[in-house]
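Secondary and tertiary structure notes
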Amino acid sequence: MTDKSDSAANSMWGGRFAAGPDAIMEAINASIGFDQRLYAQDIRGSRAHAAMLAATGIISTSDEKAIGEGLLTVLSEIEGGDFPFSTALEDIHMNVESRLKELIGEPAGRLHTARSRNDQVATDFRLWVRDQCDAAIEGLGALIRAALSQAERGADWVMPGFTHLQTAQPVTWGHHMMAYVEMFGRDLSRFQDARRRMNESPLGAAALAGTSFPIDRHATAAALGFDAPMANSLDAVSDRDFALEFLSASVICAVHLSRLAEELVIWSSAQFRFVTLSDRFSTGSSIMPQKKNPDAAELIRAKIGRILGAAVALFVVMKGLPLAYSKDMQEDKEQVFDAADNLMLALAAMTGMLSDLTANRERLEAAAGAGFSTATDLADWLVRAAGLPFRDAHHVTGALVAMAEAQGVDLPELTLDQMQSVHASITPDVYEVLGVHDSVASRQSYGGTAPDQVRAQIARWKEKLKEKPA
């Protein structure tokens, strides 16, 4: 009696092999455990292919109708959880085709005319990654809007700006939030660019050389929302640039998410108290009742590890592969699936955290003036008002900072006599630049932290988000 899995394998491969693969070969060769996620794209591509075959007279319209209706039945079964995926049938393509044959009989065998699993999987995967680009673009749009809302609320709220995590100069909360808007805006544009580049159809390239059937690749490309068919059949089945580019954009986006997550972890600590995270994105401690842990931020911070790992894995898989298709390329999907899942989860979580976040204005302002944050304003004033070269002004300011530090006071608390003991040209007007609000208001250069500049950038981004990408 022949084993059922052997029968299925023999049927799939035709007469070339006398026996089916053993359990180890079946396990390493099968991809249905993960590529079943491509079912919607696979069925969509098959319906477009069947319609084109009928339009060009390669198959009959009655066969095309049976195939189209049968594929919709398969789609319904999968979405309803009633579809029996089989490892013996290797992948999503053969699982769908096998079930289609059970449903409609002989016409199912005509569906694979003028195509190969090579161009079929390349099309399915490209459609799936394109969908993920769209999801990332939408997710980033929502995140940018959440950051814009925070920026608008605190456009003139002062806070310390840091370099080396040391107090540097006062900035505004709005300005800090807008820095992330710019970062996430570049991420959004990277996904838009990647989508444009990947929007060409591999379908019809067949195994690697094209086909002798009179197919219409422009028709299938248009039916699937592609701008055009890929111009070289070898490249069409070999290319995974689209997946690598998606992963590359995902890595950079995850880095930005991780940086913001790190700041939220720091800012929400008892030592900073700059922000309060909502209970929805925090957890407690099993032993310390006072704890409110920023677990969502910490998990977002960790996602870069998985996403970067996925990118490295696929780059290594593709490195050095000869044209055209090699089975190595079966290892492309799990990495991309995992990265996409984790990126979308991180985007959604960060959007939720920013939307619910409360910035503690009083605490931010109290910290803004600490650490001699207006020392640069003093040096700039010495250049403008006293005519000192900047290097001399820097030296004078350093001496005044040392004096204030020794006395345990901040710069505005030094008396005029004390300041003039360091440099006689200092006048009472100097106190007009030593306040943190005066400092941020003076930073009127384009892209600076002055509230007027921040509001201008917020307005620019609101208009930008209304635009449709070219």
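In case you missed it, the structure is sitting above this.
Summary of the structure given here. (Residues numbered from 1 in each chain as written. Predicted model: local features only at pLDDT ≥ 70, side-chain atom pairs only at ≥ 80, totals over all residues. Heavy atoms only, no water.)

Scanning the protein from N- to C-terminus turns up 19 helices and 6 strands. For 470 residues, the compact-globule formula gives about 23 Å, and the C-alpha radius of gyration of the protein, at 31 Å, lies well above that figure. Projecting the C-alpha coordinates of the protein onto the three principal axes gives extents of approximately 105 × 55 × 40 Å. The 470 residues of the protein split such that 48% are buried. When contacts within the protein are restricted to residue pairs at least 6 apart in sequence, those whose partners lie at least 24 apart make up 73%. Carbon and sulfur atoms form 54% of the exposed surface of the protein, whose accessible area is close to 22000 Å². In the protein, the 44 positive side-chain charges and the 61 negative ones have mean positions that sit 2 Å from each other. (Helix = DSSP H or I, 4+ residues; strand = E, 2+ residues; numbered from the N terminus. Rg over C-alpha atoms; globule rule 2.2 N^0.38 Å. Buried < 20%, exposed > 50% of the residue type's maximum accessible area, 1.4 Å probe, protein only. Contact = heavy atoms within 4.5 Å. Areas by Shrake-Rupley, 256 points an atom, 1.4 Å probe, with all protein chains shown as cover. Lys, Arg positive; Asp, Glu negative; His and termini not counted. Charge placed at Lys NZ, Arg CZ, Asp CG, Glu CD.)

So, about helix α14 (residues 361-368). Every buried residue belonging to α14 is among Leu364, Ala367 and Ala368, and all of these are buried. Seen from one end, α14 has its buried residues packed into an arc of 105 degrees, which puts them on one side. Pointing more than 90 degrees away from the buried face of α14 are the exposed residues Glu362 and Ala366. In this fold, the buried residues of α14 make contact with β1 (158-163), β2 (166-172), α8 (173-198), β6 (358-359) and α18 (436-442). (Arc of directions from axis to C-beta.)

What follows covers the pattern of salt bridges. Summed over the entire model, instances satisfying the criterion amount to 24 salt bridges. The closest approach of N and O atoms between Glu90 and Arg117, which form a salt bridge, is 3.3 Å. Taken together, the positions of Glu90 in the loop between α5 (61-79) and α6 (92-104) and Arg117 in helix α7 (residues 117-153) put the pair 27 residues apart, joining distant regions of the chain. Overall, Glu90 belongs to the buried group, its relative accessible area being 5%. (Salt bridge = Lys/Arg side-chain N within 4 Å of Asp/Glu carboxyl O.)

As a further point, take the environment of Tyr325. Structurally, Tyr325 can be placed in the loop between α12 (295-318) and α13 (333-356). Each C-alpha atom, one on Tyr325 and one on Leu71, is 27 Å from the other, the two residues being 254 residues apart in sequence.

Packing of helix α4 (residues 39-55) against α7 brings their axes to within 9 Å, and their N-to-C directions diverge by 120 degrees. The angle between α4 and α7 falls in the class oblique. Where α4 crosses over α7, the handedness of that crossing is right-handed. Residue-level inspection shows Gln41, Asp42, Arg44 and Ser46 of α4 in contact with α7, the latter providing Gln120, Asp124, Leu127, Trp128, Arg130 and Asp131. (Axes fitted to C-alpha atoms, helices over the stretch in contact; angles between N-to-C directions. Parallel < 35°, antiparallel > 145°, perpendicular 65-115°, else oblique. Left-handed = near helix turned anticlockwise from the far one by under 90°.)

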